[in-house]
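Each chain is listed here by its residues.
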Amino acid sequence: MQDTFISHLVELRDRLVKACAGVAVICAALFAWPGPSAIYDFLAQPMIAALPAGAKMIATGVISPFLVPMKVTLLLAFLIALPWVLYQAWAFIAPGLYAHEKRLVAPLVISSSFLFAAGVAFCYFFVFGRVFKFIAEFAPTSITVSPDIENYLDFIMSMCLAFGLTFEVPIVVIVLVRTGILTVEKLKAIRSYVIVGAFIIAAVVTPPDVVSQLALAIPMWMLFELGLFIAPIFVKATQAPTTPPDQ
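From a predicted model like this one, the values you see are computed outputs, not experimental measurements.

A separate point is helix α3 (residues 64-80). In this model, α3 (17 residues) spans 24 Å end to end at C-alpha, consistent with the 24 Å of a helix rising 1.5 Å per residue. Burial in α3 covers these residues: S64, V68, P69, V72, T73 and A77.

The subject of this paragraph is the pattern of salt bridges. In this structure the tally under the stated criterion is three salt bridges. The salt bridge partner of R15 is E11, with a shortest N-O separation of 2.8 Å. Note that R15 and E11 are positioned in helix α1 (residues 2-32) at a spacing of four residues, about one turn of the helix. Using a relative accessible area of 19% as the deciding quantity, one classes R15 as buried. One salt bridge in this structure joins R191 and E225, with 2.6 Å as the shortest N-O distance. You can see R191 sitting in helix α9 (residues 191-205) and its partner E225 sitting in helix α10 (residues 210-238), a full 34 residues away along the chain. Using a relative accessible area of 26% as the deciding quantity, one classes R191 as partly exposed.

Attention now goes to the packing of aromatic side chains. The tally for this structure, following the rule as stated, stands at 13 aromatic pairs. Seen in terms of ring centroids, F122 and F163 are 6.0 Å apart; in terms of plane orientation they differ by 40 degrees. Their pairing is tilted. Here the residue F122 occupies a position in helix α5 (residues 99-138), and F163 occupies one in helix α6 (residues 149-166), the gap between them amounting to 41 residues. The partly exposed category is assigned to F122, whose relative accessible area is 25%.

Attention shifts here to the environment of T206. Assignment of secondary structure puts T206 in the loop between α9 and α10. Residue classification places T206 among the buried residues on the basis of a relative accessible area of 8%. Sequence-distant contacts of T206, defined by excluding residues within four places in its chain, comprise M159, S212, Q213 and L216.

Parameters and conventions
Numbering of residues starts from 1 in each chain and follows the order in which that chain's sequence is written. Residue-level local features of this predicted model are given only where pLDDT is at least 70; pairs of side-chain atoms are given and counted only at 80 or more, and the full residue set underlies all totals for whole chains, interfaces and linings. The basis for every side-chain value is the complete set of heavy atoms in the structure, and neither hydrogens nor water enter the calculation. Helix numbering and strand numbering both begin at the N terminus, where a helix is a DSSP run of H or I of at least 4 residues and a strand a DSSP run of E of at least 2. Here a helix's expected span is defined as the number of its residues, less one, multiplied by 1.5 Å. Exposure classes here rest on a 1.4 Å probe applied to the protein chains alone. A residue is buried below 20% of its type maximum, exposed above 50%, and partly exposed in between. A side-chain nitrogen of Lys or Arg and a carboxyl oxygen of Asp or Glu constitute a salt bridge if their distance falls within 4 Å. Centres within 6.5 Å are what make two rings of Phe, Tyr or Trp a pair, Trp counting through its six-membered ring; a difference in plane orientation under 30 degrees is then read as stacked, over 60 as edge-to-face, and the rest as tilted. Contacts were defined at the residue level, with two residues in contact if any of their heavy atoms lie within 4.5 Å.

What follows is the structure, encoded as structure tokens:
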């Protein structure tokens, strides 16, 4: 028993080392090209585009111009290496799963990674430009808009995290139905509460403008509907096979 426990710990250590090594390799590649400065410039582009011509962001900390691009590069490396990290987690738990459980976990891991990345991309390419433009137009002419790079990083990370988690709604619906906690019929019955909840969540986690709130609440609602559509198909495909009765 103790040998088995130790072997599991060794396996866990090896998987963690491999996951960290994957992140480190991606991070080193990003440092080599395109480099932390270029990565941060790309991340800052939606804000720069909304500022007056020639305006830039500012750094109030002594080491902020160095530290903030490094943080962005590390976070991007982790995001890119996320499939590899999840694969290591999958490889660790897979030997202890039944065949029908593997059919359940593997699609969820892959689809959750894809949906999170899709939420981050949606936030960057669709939401940021509209939000920053709204804020810049709303600001009084007596104010010079010069955001601090650390505050900007905190803001975009919280927004990307909110949208990334929002896009996981279909996975949550599927898991609730697959585990028997709720049925599709019950979820359809509380649809109106879900819609109201989506708008409340959007109002809490986004800036106080209608554009960003709608950009979060409407996809959350649509993804809930998508989960209701996919859940029965997924449950049927991942059910444990039934043993035929003895003849």
